[in-house]
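# Per-entry structural report
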Amino acid sequence: MLFRSGRPVAVKQLLAPTQNPAGIARFIEEIRTVGQLEHPNIVPIHDVGVDEQGQIFFVMKHIDGETLEDVINKLRAGDPAYLERYTIDARIEIFLGLLRALQCAHAKGVVHRDIKPANVMIGKFGEVVLMDWGVAKILSESGQGPRSPFSTQQGEIIGTPAYMSPEQASGNVAAIDHRSDLYGATVLFHELLACEHYLSHCKNLPQLMTAIMAESFRYLRLVFIHHPSHPVPPAELLHFIAKGLGKDPSERFQSADEMINELQRIRDGRCRVSCPATLAKRML
């Protein structure tokens, strides 16, 4: 679709005409949420309106590119052009873009709750944009509990199962905060590096949900594609991922800022060196 200025835009509206108050309220909440998140790594809203059928819609910037899910699929298939373009450093830079989007959102009390490769766009100029805030949770000013009157009820499971944190998978809505996003982001980062989900051995949804809540990350699960051009990430990133996948939120990185700083130390060669056998660490 072309906007009034003549530039292409993306339009989002409810899939079908509805008078459901809860559905309309959630849609309005998404508009409100994205509208307050002005950041280069978050898709901006250009306009809001009502069509001839009385349905609410909003107009967003059109990102000319592909999803991170598409990128991972091509890396998994061993596409030479993608393997050449997406070096380990390039993949870290993509992840840093996602973390910066979360840094902005979390600072405003917004938890995305559906971090996954399909919700991250890679633009043709390399820009990284976090999309789809439809199930976002807005925290109260204290950081505990939802601020929205249309909040998710305890026991509801919101998000995409494969990228859920343990507290999301268990339906513990009250425990979901910014650290749940950081868990999902770490799952995504593992998949971006390894071209394989960290729980790819699970055969069905019940097994997957149980593993999310009870199965600890194992270093040997980071299995890399056997392709002559596929880079092997440094061991420091394994320990980074292991911390990000802590089952208890208190065991994880506590903020996007902390994750960004740690990744920058890894890239600069100033990170902690850990032995996967003894777990001994030292600072460079």
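Refer to the structure presented above.
This text gives an overview of the structure that appears in the document. (Residues numbered from 1 in each chain as written. Predicted model: local features only at pLDDT ≥ 70, side-chain atom pairs only at ≥ 80, totals over all residues. Heavy atoms only, no water.)

Moving on, we come to helix H2 (residues 68-76). Turning to H2, its buried residues are Leu-68, Val-71, Ile-72 and Leu-75. Looking straight down H2, one finds its buried side chains confined to an arc of 95°; they lie on one side. On the buried face of H2, the contacting elements are strand E4 (65-67), helix H3 (80-85), helix H4 (88-107), strand E6 (120-123) and helix H6 (178-194). Phi for Gly-78, located one or two positions after H2, is positive at around 80°. (Buried < 20%, exposed > 50% of the residue type's maximum accessible area, 1.4 Å probe, protein only. Helix = DSSP H or I, 4+ residues; strand = E, 2+ residues; numbered from the N terminus. Arc of directions from axis to C-beta. Contact = heavy atoms within 4.5 Å.)

Attention now moves to empty space enclosed by the protein. Per the stated rule, a full pass over the model turns up 2 cavities of 30 Å³ or more. Residue lining of the second largest cavity: Arg-113, Asp-114, Ile-115, Thr-160, Tyr-163, Met-164, Gln-168, Ser-180, Asp-181 and Gly-184, and that is the complete set. Considering each element in turn, the lining of the second largest cavity owes the most residues, 3 residues, to H6. Across the lining of the second largest cavity, the residue classes break down as 3 nonpolar, 4 polar and 3 charged. (1 Å grid on protein atoms, 1.4 Å probe; cavity = no way out; pocket = protein on both sides within 12 Å on 5 of 7 lines; lining within 4 Å. Points joined across faces, edges and corners; volume = space filled by probe spheres on them. Nonpolar A, V, L, I, M, F, W, Y, C, P; charged D, E, K, R; others polar.)

In spatial order, the strands read E4-E6-E7; together these 3 strands make up an open sheet with antiparallel pairing. Edge strands, defined here as strands with exactly one partner in the open sheet, are E4 and strand E7 (128-130). Taking each pair of neighbouring strands and ignoring which way they run, the sheet shows an average axis angle of 25°. Note: E4 against E6, 3 bridges, orientation antiparallel. Bridge pairing in E6 places Gly-65 opposite Gly-123. Sheet strands in contact with H2 are E4 and E6, and its direction is about 80° off that of E4. The strands touched by H4 are E6 and E7; relative to E7, the strand with the most contacts, the crossing angle is about 40°. (Pairing = 2+ DSSP bridges. Axes fitted to C-alpha atoms, helices over the stretch in contact; angles between N-to-C directions.)

Below, the discussion takes up the nonpolar core. In terms of nonpolar packing, the biggest core is built from 60 residues, with Leu-68, Phe-95, Leu-98, Phe-189, Phe-240 and Leu-263 touching the most fellow members. Looking at which element gives the most residues to this core, the answer is H4, with 11 residues. Counting residues in each nonpolar core, the second largest holds 5 residues, with Val-43, Met-121, Val-129 and Met-131 among its members. (Core = buried A, V, L, I, M, F, W, Y, C linked by side-chain atoms within 4.5 Å.)

Attention now goes to the packing of helix H8 (residues 235-244) against helix H9 (residues 256-268). As a packed pair, H8 and H9 sit with axes 11 Å apart at the nearest point and diverge in direction by 170°. Here H9 runs roughly antiparallel to H8, going by the angle between their axes. Of the residues in H9, those touching H8 at Glu-236, Leu-237, Phe-240 and Lys-243 are Glu-258, Met-259, Glu-262, Leu-263 and Ile-266. A class-by-class count of the residues in the contact of H8 with H9 yields 5 nonpolar, no polar and 4 charged. (Parallel < 35°, antiparallel > 145°, perpendicular 65-115°, else oblique.)

Moving on, we get to the pattern of salt bridges. Side-chain pairing between opposite charges can occur once the charged atoms of the two side chains come close. Across all of its chains, the model carries 11 salt bridges by this definition. When the shortest N-O distance is used, the salt bridge between Arg-76 and Glu-191 registers 3.4 Å. Here the residue Arg-76 occupies a position in helix H2, and Glu-191 occupies one in helix H6, the gap between them amounting to 115 residues. Owing to a relative accessible area of 32%, Arg-76 belongs among the partly exposed residues under this scheme. (Salt bridge = Lys/Arg side-chain N within 4 Å of Asp/Glu carboxyl O.)

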